[in-house]
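Chains, contacts and geometry: an overview
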Amino acid sequence: MAQAPEKFEHAPVEGKTAIIFTDLDGTLLESDGSVLPDVVRLVRRLGSEQIPVVPVTSKTRREVSDWLQRLEIPGPAIFENGAGVLFAGGVEVSSEAIPAQTLLSILGEACRAAGVSVRPLVEIPEDELFRLTGLSPREQRDARSREYSVPFLAPASAETPLLERLRAAGSLSVVRGGRFWHLMGCHAKSGFFDLIRNRCGAWGSSLGLGDAPNDIPILQAVDVPVVISGRTGPEPELVSRFPDAYRPAAFAGAGWVEAIETLVLARLSSPVSRKPFDDGLPARRGK
Ligand SMILES: [Mg+2]
């Protein structure tokens, strides 16, 4: 086996040599919000190997809490694009987080000033939101329970004038997820990574998986970035920002499984080394 690169020098701490930070929608989950059985099995396998799987998502605290139960992982999990982190014992909120009602007012003012109109998620009717996301009525209630971010749909013609207004306002960030834009404070998905690694004792190798521009902070913060493709291929902005990232051939959850099996489990099977994400694997340039 080739020598491990310097980035793997951290000694294992109680076997927790590695940590996985992963987006949910379109990455670990399918675009319709469902999860593949193979993904569930793999998440549980990683738990048995004591490798933390940390969801990092634009979903709300309630949605994330629900997914932690469904995936049978204890947390932590980052919600609303880094506004806060959910631990087994409680929640920590970013000092940069801005209440959703305040953000909604700011968005309304910016739209009026720019002469454009957008559609905040909270105003999208239930049947239409189901067609867009596949979320059930109960899941929609959880998705609408925004604390520190405002997702919205914007026509292409509105993007430039609106984004200029919002970004000029300061103390705000606007990022694009799979379908929605997200208005929020100046926090990013990676904001709690160091805190999480300390709590988990996981200062070994890190792997991050994402499919959209709001996942850029995840991919920047890890040793091994993975770009997950949608049905139409990988997000061009991620491809240009991370040309050497691993790109599985399969998309969404099947791609997640492919990446974890290739980059993590293949390493665990060796009795010589339990260091995941070892070197020697050429970057794969997608489909
Ligand atoms: Mg996503």
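Our subject in this report is the structure included herewith. (Residues numbered from 1 in each chain as written. Predicted model: local features only at pLDDT ≥ 70, side-chain atom pairs only at ≥ 80, totals over all residues. Heavy atoms only, no water.)

Looking now at the overall build of the protein chain. Per the secondary structure count, the protein chain includes eleven helices and eleven strands. Taken across its 287 residues, the protein chain has 53% of its residues classed as buried. Within the protein chain, residue pairs in contact and separated by at least 24 positions form 65% of the contacts whose partners lie at least 6 positions apart. (Helix = DSSP H or I, 4+ residues; strand = E, 2+ residues; numbered from the N terminus. Buried < 20%, exposed > 50% of the residue type's maximum accessible area, 1.4 Å probe, protein only. Contact = heavy atoms within 4.5 Å.)

Another aspect to go through is the nonpolar core. If you look at the biggest cluster of nonpolar residues, it comprises 36 residues, and the most contacted ones within it are L46, L207, L209, W256, I260 and V264. Where this core is concerned, the elements lending two or more residues are β1 (18-22), α1 (24-28), α2 (37-48), α3 (61-71), β3 (77-79), β10 (205-210), β11 (224-227) and α11 (252-268). In terms of residue count, α11 provides more of this core than any other element does, seven residues in total. Once residues lying within four places of it in the same chain are set aside, the contact partners of I260 are I20, L42, L46, L207, L209 and L265. Listed in part, the 20 residues of the second largest apolar core include F21, I78, F192 and A245. (Core = buried A, V, L, I, M, F, W, Y, C linked by side-chain atoms within 4.5 Å.)

Let us now look at the sheet that holds strand β5 (residues 90-93). The strands making up a sheet are joined through hydrogen bonds of the backbone, oriented either antiparallel or parallel. If you walk across this open sheet you meet the three strands as β3-β4-β5, and the pairing is antiparallel. The open sheet terminates on both sides in strands that have one partner only, identified here as β3 and β5. Direction aside, neighbouring strands of the sheet carry axes that sit 25° apart on average. α3 rests against β3, β4 (84-87) and β5 of the sheet, and its axis sits at about 155° to β3. Relative to β4, helix α8 (residues 193-200) is tilted by about 15°, and along the sheet it contacts β3, β4 and β5. (Pairing = 2+ DSSP bridges. Axes fitted to C-alpha atoms, helices over the stretch in contact; angles between N-to-C directions.)

Bringing the coordination of the magnesium ion into the picture now. Taken together, the protein donors to the magnesium ion comprise D23 (OD), D25 (O) and D211 (OD), at separations of 2.2 Å. In the primary sequence, the donor residues of the magnesium ion line up as D-x1-D-x185-D. Judged by its relative accessible area of 4%, D23 falls in the buried class. (Donors = N, O, S within 2.8 Å, 3.2 Å for Na, K, Ca; no water.)

Cis geometry is found at the peptide bond from G75 to P76, where omega equals 5°. Locating P76 in the fold gives a position in the loop between α3 and β3. Here the phi dihedral of E72 falls at roughly 55°; this positive angle occurs in a residue that is not glycine. When you line up the elements, E72 lands in the loop between α3 and β3. By relative accessible area, which is 55% here, E72 ends up exposed. The backbone of E80 sits at a positive phi, close to 45°, despite the residue not being glycine. Take E80: it is sitting in the loop between β3 and β4.

At a minimum axis distance of 9 Å, the contact between helix α4 (residues 100-114) and helix α7 (residues 156-168) shows a crossing angle of 125°. Regarding the angle of α4 to α7, the classification is oblique. Our pair here, α4 against α7, has a crossing hand that is right-handed. In contact with I106, L107, A110, C111, A113 and A114 of α4, α7 contributes P161, L162, R165 and L166. Here the contact of α4 with α7 is built from residues that sort into nine nonpolar, no polar and one charged. (Parallel < 35°, antiparallel > 145°, perpendicular 65-115°, else oblique. Left-handed = near helix turned anticlockwise from the far one by under 90°. Nonpolar A, V, L, I, M, F, W, Y, C, P; charged D, E, K, R; others polar.)

So, on to the pattern of salt bridges. In this structure the tally under the stated criterion is 17 salt bridges. When the shortest N-O distance is used, the salt bridge between R199 and E92 registers 2.7 Å. One end of the pair, R199, is in helix α8; the other, E92, is in strand β5, and 107 residues separate them in sequence. By relative accessible area, which is 48% here, R199 ends up partly exposed. (Salt bridge = Lys/Arg side-chain N within 4 Å of Asp/Glu carboxyl O.)

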